[in-house]
Amino acid sequence: MPPEKNWGCSWPEQKPHRGADLDQAQAEATLEKAKPVPLGGRAALRRGLRPLRLPGLALLTALIVGAIFIIVTDEQILAAAGNFFSDPLGFFTLTLGKIAWAYAALIQGAVSNPLDIIAGLFTYITTGDNSTFLRSLRPISESLVRATPFIFAGLAVGLGFRAGLFNIGAEGQLIMGGLFSVYVGYAFTGLPIFIHLPLALAAGFLGGALWGFIPGFLKARVGAHEVINTIMLNWIAILFSRWILAGPLSRDGFVPISPNVLPSAALPQFFPNPIRFHAGFFLALGVAYLVWWFLFKTTAGFELRSVGANPSAARAAGMNIGRNIILAMVLSGGLAGLAGTIDVLGWRYNMGVDFAAGVGFDSIAVALIARSHPIGIIFSGLLFGMLRAGTKQMEAIAHVPVDIVFILQALIIMFVAAPEIIRLLYRIRVERGVEEAVLTRGWQQK
Amino acid sequence: MTIALEARNITKRFPGVLANDNIDLTLEAGEIHALLGENGAGKTTLMNILYGLWQPDSGEIYVKGEKVVFQDPSEAIARGIGMLHQHFMLVPVLTVAENIMLGQESVTAGIFLDRVQVIKRIEALSQNFGLEVDPRAYVKDLPVGVQQRVEILKILYREAGILILDEPTAVLTPQEAEELFKIMRNLAQQGKSIIFITHKLKEVLAVADRITVLRAGRVVGTTTPQETSEAQLASMMVGREVILSVKKKPAQPKEVVLEVKDLHVLSDRLNPVVNGVSFVVRAGEILGLAGVQGNGQTELVEAITGLRPAVRGEIRFLGKEITNAPPRRVLERGTAHIPEDRQEDGLVLPFPVHDNLVLNTYYRNPFAHGLALQEKAIVATAQDLVEHFDVRTPSVFVPVLNLSGGNQQKVIVARELSRPIRLLVAAQPTRGLDVGSIEYIHQRLVEKRDQGCAVLLVSTELDEIISLSDRIAVIFRGKIVATLEASGAAREKLGLLMAGAEAT
Amino acid sequence: MNTALVARRAFSLSRQQLFGLTFLIIAGAMLFLFALSSDPGQNSTFVLTAVASAQKTELPDLVLPTQATIFVLTFIVAFFGGWQLARGFRAVNALLAVIIFIFIFAFLTWADRGRQFNLTGMLIASLVRSTPIALGALSGILCERAGVVNIAIEGMMLAGAFSSVVVGSATDNLYLGIIFGILTGGAMAAIHAVLSIRFRVDQIVSGVVINILAAGLTSYLTERFLSVHQELNDSGALRPISIPFLVDIPVLGPVLFENTLIVYSMLFLLVAVHILLFYTRWGLRTRAVGEHPRAADTLGINVFKMRYINVILGGMVAGLGGAYFTVGSVGRFDELLTGGRGYIGLAAMIFGKWSPFGAFASSLIFGFADSLQQKLAILQAPIPSQFLGMAPYIATIVILAGVVGRAIPPAADGQPYEKQ
């Protein structure tokens, strides 16, 4: 029987909880104890890399399957395969050559061509002209620029997952965010940048948040499933943007493109053309940290995650499920709205009809690969930015259609969601881990 | 006597557990053989192996002297083995006839269901064995006792000679259980062999021909009701002397803490399930709410804790009305809730122990300052609680998922009892736990009472109610049919009341 | 504890009044938007004979006085609204459908004032446009009755649409194309089945994988092959087959008995799936597996096998639905041409409470909204086409919000089955 503490039925007026009077040193000591014991250098490294193993292998496998797919859909290779028995060597060199060529183009488009960098540096050192050097860095800059909306939209979907919601509506929210911010960006004139830029960002957040609020509210109030509603709202947003860009927001009342935002609403860029890298990337890093802090270090985030992991228990513990669902959808929508905003204010400066181009859908994969962890999303967002920039180059140089990126994505999601496949393929142990973020629960409402 | 079924050296291992360790079991034709053991002793594992749901790691099974290997239940069914599962294996939205024929459908033209034929056969079986049921009714509309009859008919429909009954009395009133025992004896007389699984000693002595006791996956011994006693069976089951009653001082009830007046509550399907319930619980007493599962207890508890709206009536807490107050306000007033379904309503399984220990206090000082969680305070408190409430866990950072049922329940008890409370609502607090944990939780409940807490204990285990309560209220079909002083309440009388007999 | 249910209950307390008010608002809208903005002298002409039909009988046109007709309709809706507010109707969902129907008819009468409008043509278009939606819904029913959520209908359709047009063009045989469309849908479903049954992947995630994969594959292959070999993307379209004599029934004849093979197949499948589900051994087992797989398992039914069969069959039905978009209508494939019809099929399934006929009825509503949008463009109604295009999507949201509370999915829908 434990010794009697003040856990009785008496009702203390102040400080109802123990723990406050525990001394700080003891608390710190316990925290210290809980941390994993530092192992030798290599073991520690292995332990640190473990969470990367599954996504890493998933990516590798997707690239391999993608390569096979490229091979079997290449007419030249297929023709060579017909002559396989007369000329096996030719078949192999052609195949390997094509794949190497395609993936080299991918890497060149995603990072850079090292030769270009060296040449650029050489020019810079010898002549003081830095333009070649900068141009050689353009692929990296492009990857970062493209990664930025992925990080925001990935955070949006990931935050939804943490709250037990499957927000497939990032695409629509992103469009609404873009529309709101572009309007504020061009229509509000005469404001200084330190007011206009935050205002435009806030408007973008608001636009997405509004589009997230609708399915959140419907789910909280009448239990309508967010998956269908967000998909429907995507279509509505697309049609809405087509109408508004061709009409009220059109730059000349005819072409479906909005006017450009004013310089006072644009995010600062750091380098001259053609380097489009802008401050939005740092904003993305900051917001990712903020989302991490919110989810894991605040009471509101604790509630959100509890509601996501077990709504029944969360309710019994006094949490308001409906409010948390709405909050999660509003935040998620707002983050997706920022994903659109960041492109508008960072480098597009206007909106056209094919604005979103699937970023919202791809962010599902971004979040899944990172297992909805905000910091992980930075890295998976970067990966997707590089894939996007790289596949474009792949199409230009190796004539592989950019749509290959969707196939890669589907494969990556598949392998991450079914770790058992990876385990079977590589005969390794991939621990399923305790997944805190339950994804969805069919149509049943909890 | 011929041997109907024999299991030899059955061993089954699960990750981390040796569920069955070299088990031998012999079932003679026409006998009722009780299989007795605690929760987790390996009874259900053994039965699932005999029924072909699982395959043993080693060991052999013989049916009527012939060696068999079951890959899945259909092979066991083909050998004449039928099983009555602890949780009914009935599809609620299908009719009785559809449930019974499922898997062995009579068809016309190769594919179309022949309902007429099936209903005829069911009616014949009903008459033969005295199991009355309407084959056209939907299962979801039937009371639990009748659903059990459907389950038995399902087995008989498959012409099984061997029936495995897994804890069949858990959902029945003592009277309904008596009725079931009659059916069992009748079946045995007609040559059916029955394995009867239970952890209730009285039932074993009442109905079994032979008794095999399991403990921690091994056979402790086989005996007959004539050779043994309740106390002896109990110590065989647990491995030590068990104190069957809880030691407690007489209660000293004080002011009324919880008052429920004419409460009406609806079920999930919007049926009225609590129909005008009134009672009070005073500080310093345990009020036991006895009743068979499904008589409105669950909904009543949910209404008191604010989880389910009351359509009529009043709930007062220390004189203040809290009817339909949000759950948080009910908690903050000083109500602790040990929920019936601990994994569903009590814990966030993937969260670590320390988060579960602050699941309803995370937002208060010292666990949070404003919006920011105070991790150090949370962890320190968790370490403390884990120690004092004897939660066996490697650390407070482990997900509760990895804890045993007993320790999961202790996490809830620690969380709820470490808050300053005036009322403790404990719903089925010991269901499915091992004897050690049951004893521990019983002691904490009594201790809480002695500290001046009002305790509402809801349980379907009559023994638990009798040994813990100071007063006992019996609920039947959503109404309190009687409230008695615990000292004057006889088992038989309570049993009758739970079955709906009028109080006299 | 079912919180959504509690929330819904709180909502349903005012549900009766809510519906009554909604009806009155609709009546008000009809009065102000339509009745008062048309002139007393105008007539609305509805043509009842289908154009380019094998029908031999001819019907006279239906000419209605615009304003008077709308007044009468408004009065009826107002009456229902008042009654609902005061007393309440039992079958309020059915009533809602009737009132929406009346509203639409009033709208048509208004838009048609002083003009001519082919009503039969619109009914034909409704049925035709509801065909892929109904096939999608049937696909969903087959999967979900067995306990596997299928949001991959869209992807299965897309894949079916692609392969049917390619095979149809290459072989010059549309029927072969359809068969390949069906098989492709089945193949996509097989991936979904393996992921969600064998690997127990969250079924909605698995569905998303299929959708992205199908979009990627078809777009990639279109880019790679069809843009070069245009001849592979030109199959021609199925011709309607008119059934002699039946086609001569006024209005109904051209609507029901002069259709393409795919529409007939949809009608056939509708009846067949209903009979299979509710009157056969296979159906009983399917429903048992979707409601309580463990119970089925204990009776020796192979849960995994039943689910595999159902999901793959469902995929084949979706593949047929996909074939509608290419060989069934335009004869060529364009990237993402299914345009969300698979998801709308899913909504139709839910609205129809997982029953074939219910799903068909709701598909008809969506098909109607779809064709309405097209016809209104012809009538030059003063509404931007994008807003008309939103109609089916908004309808889905509204219907889900109003109805899903009452629709109970199969109990085990969405839960991977494990043999413990």
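Residues numbered from 1 in each chain as written. Chains lettered and ligands numbered in written order. Predicted model: local features only at pLDDT ≥ 70, side-chain atom pairs only at ≥ 80, totals over all residues. Heavy atoms only, no water.

Visitor: Explain the overall build of chain C to me, and be specific about the residues and the numbers.
Guide: Regarding its fold elements, chain C presents 16 helices and five strands. Its C-alpha radius of gyration of 23 Å places chain C within 12% of the 22 Å reference for a compact globule of 420 residues. Principal-axis analysis of the C-alpha atoms places the extent of chain C at approximately 70 × 60 × 40 Å. Residues classed as buried in chain C amount to 59% of the 420 residues present. (Helix = DSSP H or I, 4+ residues; strand = E, 2+ residues; numbered from the N terminus. Rg over C-alpha atoms; globule rule 2.2 N^0.38 Å. Buried < 20%, exposed > 50% of the residue type's maximum accessible area, 1.4 Å probe, protein only.)

Visitor: Hey, could you go over the domain arrangement of chain C for me, with residue numbers and the actual values?
Guide: All names here are of chain C. Once the domains are mapped, chain C shows domain 1 (2-114) and domain 2 (121-400). Between the C-alpha centres of domain 1 and domain 2 there is a distance of 29 Å. With 14 residues of domain 1 at the contact, the number on the domain 2 side is 16 residues. For the domain 1 and domain 2 pair, buried surface summed over both sides reaches about 1300 Å², with 73% attributable to carbon and sulfur atoms. Remark: the boundary between domain 1 and domain 2 carries zero salt bridges. In this structure, the connection of domain 1 to domain 2 is made through zero residue pairs in polar contact (both at pLDDT 80 or more). (Domains from an automatic or database assignment. Contact = heavy atoms within 4.5 Å. Buried area = accessible area lost by both parts, 1.4 Å probe. Salt bridge = Lys/Arg side-chain N within 4 Å of Asp/Glu carboxyl O. Polar contact = N/O pair within 3.5 Å; in protein donor to acceptor, adjacent residues only side chain to side chain.)

Visitor: With reference to specific residues and values, describe the nonpolar core.
Guide: Ranked by size, the top nonpolar core spans 282 residues in total, and within it Leu345(A), Ile404(A) and Met184(B) carry the most contacts. With 13 residues, helix α8 (residues 203-226) of chain C is the largest single contributor of residues to this core. Setting aside residues up to four positions removed in sequence, Leu345(A) forms contacts with Leu197(A), Ala200(A), Leu201(A), Val261(A), Ala265(A), Ala266(A) and Leu267(A). Judged by nonpolar contacts, the second largest core, of 34 residues, contains Ala336(B), Leu403(B), Leu417(B) and Ile421(B). (Core = buried A, V, L, I, M, F, W, Y, C linked by side-chain atoms within 4.5 Å.)

Visitor: Summarise the side chain of Glu420(A); cite the residues concerned and give the values.
Guide: Locating Glu420(A) in the fold gives a position in helix α18 (residues 419-426). Among the polar contacts made by the side chain of Glu420(A), one reaches the side chain of Arg198(C) at a distance of 3.1 Å. Apart from residues lying up to four places away in sequence, Glu420(A) is in contact with Arg198(C), Phe199(C) and Arg200(C).

Visitor: How would you explain the interface of chain C and chain B if you had to name every residue and give the values?
Guide: Contacts between chain C and chain B engage 26 residues on the former and 39 residues on the latter. Taken over both partners, the interface formed by chain C and chain B buries close to 2600 Å², and the fraction arising from carbon and sulfur atoms is 64%. On the surface where chain C and chain B come into contact, there are two salt bridges. A salt bridge links Glu105(B) to Arg285(C); the shortest N-O distance between them is 2.8 Å.

Visitor: An account of the pattern of salt bridges is requested, with residue identities and associated values reported.
Guide: Residues and elements named next belong to chain B. Summed over the entire model, instances satisfying the criterion amount to 42 salt bridges over all chains. Linking arginine 419 and glutamate 416 is a salt bridge whose minimum nitrogen-to-oxygen distance equals 2.7 Å. Judged on exposure class, the residue arginine 419 and its partner glutamate 416 are both buried. Among the ionic pairs, arginine 449 bridges to aspartate 470, the shortest N-O distance being 2.8 Å. In this pair, arginine 449 is assigned in helix α15 (residues 435-450) and aspartate 470 in the loop between α16 (462-468) and β23 (471-476), connecting sequence segments 21 residues apart. The burial state of arginine 449 is the same as that of aspartate 470; both residues are buried.

Visitor: Before we move on, can you summarise a nonpolar patch on the surface with the specific residues and values?
Guide: A surface patch of nonpolar side chains, about 560 Å² in accessible area, is lined by Ile111(B), Phe112(B), Val271(C), Ile275(C), Leu276(C), Tyr279(C) and Phe357(C). Per-element accounting of the nonpolar patch gives the leading share, four residues, to helix α10 (residues 261-279) of chain C. Position of Phe357(C) relative to the elements: it lies in helix α15 (residues 356-379). (Patch = residues over 30% accessible without salt bridge, like charges linked within 9 Å, V, L, I, M, F, W, Y side chains within 5 Å. Areas by Shrake-Rupley, 256 points an atom, 1.4 Å probe, with all protein chains shown as cover.)

Visitor: How would you sum up the side chain of Ser467(B)? Please name residues and give values.
Guide: Residue and element names in this part refer to chain B. Along the chain, serine 467 turns up in helix α16. Here serine 467 falls in the buried class, since its relative accessible area comes to 17%. Setting aside chain neighbours within four positions, we find serine 467 in contact with Val246 and Lys248.

Visitor: Quick rundown of the interface of chain C and chain A? Include the residues and the values.
Guide: Listed per partner, the contact involves 58 residues of chain C and 56 residues of chain A. Contact between chain C and chain A buries roughly 5100 Å² in total, counting both sides, with carbon and sulfur atoms accounting for 73%. Our count for the contact surface shared by chain C and chain A stands at two salt bridges. Taking the shortest distance from any N to any O, the salt bridge between Glu420(A) and Arg198(C) comes out at 3.1 Å. Summed over the shared surface of chain C and chain A, the result is four residue pairs in polar contact (both at pLDDT 80 or more). Counting only elements with at least two residues in the side of chain C that touches chain A, the list comes to α1 (3-12), α7 (174-198), α8, α14 (341-351) and α16 (385-403) of chain C. Sort the elements by how many residues they give to the side of chain C that touches chain A and α8(C) lands first, with 14 residues. Across the side of chain C that touches chain A, the residue classes tally to 38 nonpolar, eleven polar and nine charged. (Nonpolar A, V, L, I, M, F, W, Y, C, P; charged D, E, K, R; others polar.)

Visitor: Which residues make up the sheet that holds strand β1 (residues 43-47) of chain C, and what values go with them?
Guide: All names here are of chain C. Spatial ordering of the open sheet is given by β2-β1-β3, a layout of three strands whose pairing is mixed. Of all strands in the sheet, those with a lone pairing partner are β2 (62-65) and β3 (116-118), marking the two edges. Shown here is a sheet whose adjacent strand axes are inclined to one another by a mean of 25 degrees, direction ignored. Alignment of β1 against β3, held across three bridges, turns out to be parallel. Residue pairing in the sheet places threonine 45 in a bridge with glutamine 116 of β3. (Pairing = 2+ DSSP bridges. Axes fitted to C-alpha atoms, helices over the stretch in contact; angles between N-to-C directions.)

Visitor: A description of the pairing of strand β24 (residues 479-485) of chain B should follow, citing residues and the corresponding values.
Guide: All names here are of chain B. As paired elements, β23 and β24 share six bridges and run antiparallel to each other. When the sheet's bridge partners are listed, valine 474 is paired in β24 with alanine 482. Taking the residues between adjacent antiparallel strands as the criterion, β23 and β24 are bridged by two residues, where arginine 477 takes a positive phi near 45 degrees.

Visitor: Break down helix α4 (residues 88-110) of chain A for me, citing the residues and quoting the values.
Guide: The terminal C-alpha atoms of α4(A) lie 33 Å apart, and with 23 residues this matches the ideal 33 Å at 1.5 Å per residue to within 8%. If you check which residues of α4(A) are buried, you get Phe91(A), Thr95(A), Ile99(A), Ala102(A), Tyr103(A), Ala105(A), Leu106(A), Gly109(A) and Ala110(A). (Expected span 1.5 Å × (residues − 1).)

Visitor: Quick one: what's the story with helix α17 (residues 491-498) of chain B, residue by residue and with numbers?
Guide: Residue and element names in this part refer to chain B. Looking only at α17, the buried set comprises Leu494, Gly495, Leu497 and Met498. In a view along the axis of α17, the buried residues occupy a sector of 165 degrees, so they form one face of it. Against α6 (174-189), β15 (286-290), α16, β23 and β24 lie the buried residues of α17. Downstream of α17 by one or two residues, glycine 500 has phi in the positive range, about 100 degrees. (Arc of directions from axis to C-beta.)

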